[in-house]
Amino acid sequence: MHLFDPRTETFAEFDPHTRALLRSVVDFFESKGKQAVCRDAHAGVWYEDWMEFLARTRILAYFATPAKHAQGDPEKRWDTAFISRFNEITGFYGAQYWYAWGVSTLGLSIVWQSDNAAAHRRAAEELERGGIIGFGLSEKDHGADIYSTDMLLTPDGAGGFTATGGKYYIGNGNVARIVPIIGRRTDLEGPDAYVWFVADSQHPNYVLRKNVVHGQNYVSAFDLDAYPVAAGDILHTGPKAFDAAMAAVNCGKFNIGMVALGIAEHCFHETINQAAGKILFGHPVAAFGQVRRILTDTYARLIAMKLYHERAIDYMRCSSPEDRRFVMFNSIGKMKVTREAERALAELLDVISAKGFEKDSYFSVARAMISSMPRLEGTAHVNMALTLKFMPNFLFNPVALPEVPVRRDPGDDETLFRQPRASGLSKVRFRDWRPAFAARRHLPNVALFEQLAERFAGLPVEAPPTDAQGEDLDFQLALGELFTLLPYAQLVLEQAEIAGAADDLVDTIFELFVRDFSAYALDLHSKASSTAAQQEWALSVLRKPVTDEARSTRVYDEILGLAGSYEMSP
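Note on numbering: residues in each chain are counted from 1, in written sequence order. Given that the model is predicted, a residue must reach a pLDDT of at least 70 before its local features are reported, and side-chain atom pairs must reach 80 or more before they are shown or counted; all residues, however, enter totals for whole chains, interfaces and linings. Computation of side-chain values: all heavy atoms of the structure, hydrogens and water removed.

- Per an unreviewed UniProt entry, the protein chain is named Acyl-CoA dehydrogenase, and its organism is Nocardia transvalensis.

In structure tokens, the structure reads:
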């Protein structure tokens, strides 16, 4: 298990065609060079060269066209594993480049879920042409609150509508020829009134107002002014429109964890190069104790993020309407992996220091993007609240479910477009999390963390939440931080076995987890609503992780060995 290094990465887990396409993305950025990437990012210029690359390689068509819409092309499918590596690479070089695809994921999910065969053909043709897709959900005054949409559709008497209203925060809204938009019928009330339909950004009744951010990616505000919506433009109606939106977000937010990981990996390369090469007071920066701690912690966090997300891919690809474990793992990936990346950059900045602000450093570009990662497709708090819905069944009601195999085959993950209704998440069931610890229980910090996990499982009995705390989101979020560590640790351990991660590295990761558990327990203790029993429980689980100087030295030597191993082409 290692950090992404474009110069040595072979993408060996994939078939030859996929390997070649992923390598072409690396080659695009390395040929462009760091100076040009940084210059364009700071200038906020539209990335026409990237659009040309996507059109020339048709890479989006290859990994985002479900097989049944591929007109017999055997290389086309919706491939979560392929998509995840693309996300990591584009994050590594600049999340603004990923954004064009990230928004397309959401819009395509709305289209592929529909029964509109003409819209399927149109989307497949647009991907083949090299186009990108929009996603018209958010509004300036209501955000992503579908229930309050002011996009109004008036029946035209011929099975279609006239649409009038505005949308805001809409990615790709400047060029996308397919922009799925949700609106509300004026002749109906309640859930039956909602409609997803397709608009074209080049239509004269589509009025593009502005890019609401400064950046290369185009986050548009636009209005529809009596826009004609034909019957053939309609994708979903009624309650299914809401379910389609939720399923699209489930699909789209899985992207973001790997993007955040890619950002942090590149920043780590820049930081270790700086720390190993810079001399202060007669010593390399990397020799200072606090720098050693930061680099070790950050490296362990990045590897944990990678282990978690690599295993979550398997759960995503093996999902079915009957097995929806992926929804929880997906929410954790969106919420925790992205915040771990944000935390990593904040700590690395204390090491790279002034260089992280230089306009020709990747770090300077990354700082502007990383804070958006936990806040796209539902904030971290929204995803934490969603994760808590799974806690009772995860902790107390395990069932015998199939073992999830490794999935890096060129499969078609079309099940993602046949998700059940958005309700019923509390009924999703899980296997017992404890067996994941068996293979690494001999490691002191893994064993200690497992004891803490068992103590957390006893919290509802030892110090049950009050009725009022059930409505106290601040308390619930603190509880969620503790709970999230359990499934996070489970997938880290599962992937550690698959990848053959070294014991030293795994124990170092769990040293962090023990530390984090204690910090979250202390936060729970300090909440205004915490009961005396909960405060006592929180103090009783505070633990110092098991330290091992020899193991720490071996890991840090491995980290220092990365110095100079990668520097982006100038």
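## Description of the overall build of the protein chain
Argument step 1. Secondary structure counts use DSSP, requiring at least four H or I residues in a row for a helix and at least two E residues in a row for a strand, with both numbered from the N terminus. Of regular secondary structure, the protein chain possesses 20 helices and nine strands.
Argument step 2. In terms of overall size, the protein chain behaves like a compact globule, its C-alpha atoms giving a radius of gyration of 24 Å where 570 residues would be expected to give roughly 25 Å.
Argument step 3. Overall size of the protein chain, expressed as C-alpha extent along the three principal axes, is 75 × 60 × 45 Å.
Argument step 4. Between buried and exposed lies partly exposed: a residue is buried under 20% and exposed over 50% of the maximum accessible area for its type, with that area taken using a 1.4 Å probe on protein chains only. Counting across all 570 residues of the protein chain, residues that qualify as buried make up 59%.
Argument step 5. Contacts in the protein chain between residues far apart in sequence, at least 24 positions, make up 80% of those at least 6 positions apart.
Argument step 6. Residue burial considers only the protein chains on display, and all accessible areas are found by Shrake-Rupley using a 1.4 Å probe. As displayed, the protein chain offers around 21200 Å² of accessible surface, 54% of which is attributable to carbon and sulfur atoms.
Argument step 7. A gap of 1 Å separates the mean positions of the 59 positive and 73 negative side-chain charges of the protein chain. For a compact globule the rule gives 2.2 Å times the number of residues to the power 0.38, and the radius of gyration it is set against comes from C-alpha atoms. Any pair of residues with heavy atoms lying within 4.5 Å of one another is described as a contacting pair. Lys and Arg are tallied as positive, Asp and Glu as negative. Neither His nor the chain termini are counted. The atoms used to mark charge sites are NZ of Lys, CZ of Arg, CG of Asp and CD of Glu.

## Things to note about empty space enclosed by the protein
Argument step 1. Lining residues are defined by having an atom within 4 Å of a point belonging to a cavity or pocket. Those points lie on a 1 Å grid over the protein atoms alone, cavities being sets where a 1.4 Å probe fits but cannot get out and pockets being open sets with protein on both sides within 12 Å along at least five of seven lines. Grid points are joined across faces, edges and corners, and a volume is the space filled by probe spheres set on the points. The final tally for this structure, using the stated rule, is two cavities of 30 Å³ or more.
Argument step 2. Computed from the structure, the largest cavity encloses a volume of approximately 60 Å³.
Argument step 3. The wall of the largest cavity is formed by W78, T80, I83, T105, C251, F254, N255, M316 and L416.
Argument step 4. Contributing elements (two or more residues each) for the lining of the largest cavity: helix 5 (80-93) and helix 9 (254-277).
Argument step 5. Any residue outside Ala, Val, Leu, Ile, Met, Phe, Trp, Tyr, Cys, Pro, Asp, Glu, Lys and Arg is labelled polar, Gly included; the first ten of those are nonpolar and the last four are charged. Here the lining of the largest cavity is composed, by residue class, of six nonpolar, three polar and no charged.
Argument step 6. All the domain ranges listed were derived from an automatic or database domain assignment. Taken together, domain 1 (16-129) and domain 3 (251-560) each give at least three residues to the lining of the largest cavity, which thus spans both.
Argument step 7. In this structure, the second largest cavity spans a volume of roughly 40 Å³.
Argument step 8. Looking at the second largest cavity, the residues that line it are S319, S320, P321, R324, F326, T415, R418, Q419 and P420.
Argument step 9. For the lining of the second largest cavity, the class distribution of residues is three nonpolar, four polar and two charged.

## Topic: the packing of helix 1 (residues 16-32) against helix 3 (residues 48-57)
Argument step 1. In this analysis, axes come from line fits to C-alpha atoms, helices being fitted only over the stretch in contact, and the angle between any two N-to-C directions falls in the range 0 to 180 degrees. In the contact formed by helix 1 and helix 3, the axes pass within 12 Å of each other and the chain directions differ by 155°. Classified by the angle their axes make, helix 1 and helix 3 are roughly antiparallel. Between helix 1 and helix 3 lies a crossing of right-handed hand. Seen from helix 1, the contacting residues are L21, S24, V25, F28, F29 and K32; seen from helix 3, they are D49, W50, F53 and T57.
Argument step 2. Looking at the contact of helix 1 with helix 3 residue by residue, the classes come out as six nonpolar, two polar and two charged. Note on terminology: angles under 35 degrees are roughly parallel, angles over 145 are roughly antiparallel, angles of 65 to 115 are roughly perpendicular, and the others are oblique. Take the far helix as the reference: if the near one is turned anticlockwise from it by less than a right angle, the crossing is left-handed, and if turned clockwise, right-handed.

## Some words on the pattern of salt bridges
Argument step 1. Salt bridge criterion: a side-chain nitrogen from Lys or Arg within 4 Å of a carboxyl oxygen from Asp or Glu. As enumerated under the stated definition, the model contains 53 salt bridges in all.
Argument step 2. Between R129 and E126 there is a salt bridge, and its shortest N-O distance comes to 2.4 Å. Here the residue R129 and the residue E126 both occupy positions in helix 7 (residues 117-129), the gap between them amounting to three residues, near one helical turn.
Argument step 3. Each of R293, D297, E347, D507, E511, R515 and R551 takes part in one network of salt bridges that share partners.

## Some thoughts on the domain arrangement of the protein chain
Argument step 1. One can read the domain layout of the protein chain as domain 1 (16-129), domain 2 (152-243) and domain 3 (251-560).
Argument step 2. The straight-line distance from the C-alpha centre of domain 2 to that of domain 3 is 37 Å.

## Considering the environment of G458
Argument step 1. Tracing the sequence through the fold places G458 in the loop between helix 15 (444-457) and helix 16 (459-462).
Argument step 2. By relative accessible area, which is 19% here, G458 ends up buried.
Argument step 3. Distance from G458 to R23, taken between C-alpha atoms, is 49 Å for residues 435 residues apart in sequence.

## Here's the deal with the sheet that holds strand 6 (residues 219-229)
Argument step 1. On the basis of which strands lie adjacent, the open sheet formed by seven strands has the order 5-6-2-1-3-4-7 and mixed pairing. Edge positions in the sheet fall to strand 5 (206-211) and strand 7 (234-237), since each of these pairs with one other strand and no more. Strand-to-strand twist of the sheet, defined as the mean angle between neighbouring strand axes without regard to direction, takes the value 25°.
Argument step 2. When DSSP locates at least two bridges between a pair of strands, those strands are taken to pair. Bridge count for strand 2 (residues 161-171) against strand 6 is eight bridges, and the pairing is antiparallel. Its bridge partner lying in strand 6, K167 is registered against F222.
Argument step 3. Sheet contacts for helix 6 (residues 95-113): strand 2, strand 3 (179-185), strand 4 (194-199), strand 6 and strand 7; angle to strand 7, the most-contacted strand, approximately 70°.

## Some details on the layout of surface pockets
Argument step 1. Size it by volume and the second largest pocket reaches roughly 290 Å³.
Argument step 2. Taken together, 13 residues line the second largest pocket, and the ones lying closest to its centre are M1, E13, R85, E310 and Q495.
Argument step 3. Contributing elements (two or more residues each) for the lining of the second largest pocket: helix 10 (289-317) and helix 17 (473-499).
Argument step 4. Per-class residue counts for the lining of the second largest pocket are four nonpolar, two polar and seven charged.

## A word on the pairing of strand 6
Argument step 1. The pairing of strand 5 with strand 6 spans five bridges and is antiparallel. Note that in strand 6 the partner of N211 across the bridge is S220.

## Looking at the packing of helix 10 against helix 17
Argument step 1. Interaxial distance between helix 10 and helix 17 falls to 8 Å at its minimum, and their mutual angle equals 85°. Overall, the two elements helix 10 and helix 17 adopt an arrangement that is roughly perpendicular. Taken together, the residues of helix 17 that come into contact with helix 10 (itself represented by A304, M305, L307, Y308, E310, R311, A312, D314 and Y315) are P487, Y488, Q490, L491, V492, E494, Q495, A496 and I498.
Argument step 2. In terms of residue class, the contact of helix 10 with helix 17 is made up of twelve nonpolar, two polar and four charged.

## Things to note about the pairing of strand 4
Argument step 1. Within strand 4, six of the six residues are buried, which leaves the element mostly enclosed by the surrounding structure.
Argument step 2. A two-sided burial pattern is seen for strand 4, the buried positions comprising Y194, W196 and V198 on one face and V195, F197 and A199 on the other.
Argument step 3. Pairing of strand 3 with strand 4, which is carried by six bridges, proceeds in the antiparallel orientation. Each bridged residue has a counterpart across the sheet, and for I182 the counterpart in strand 4 is W196.

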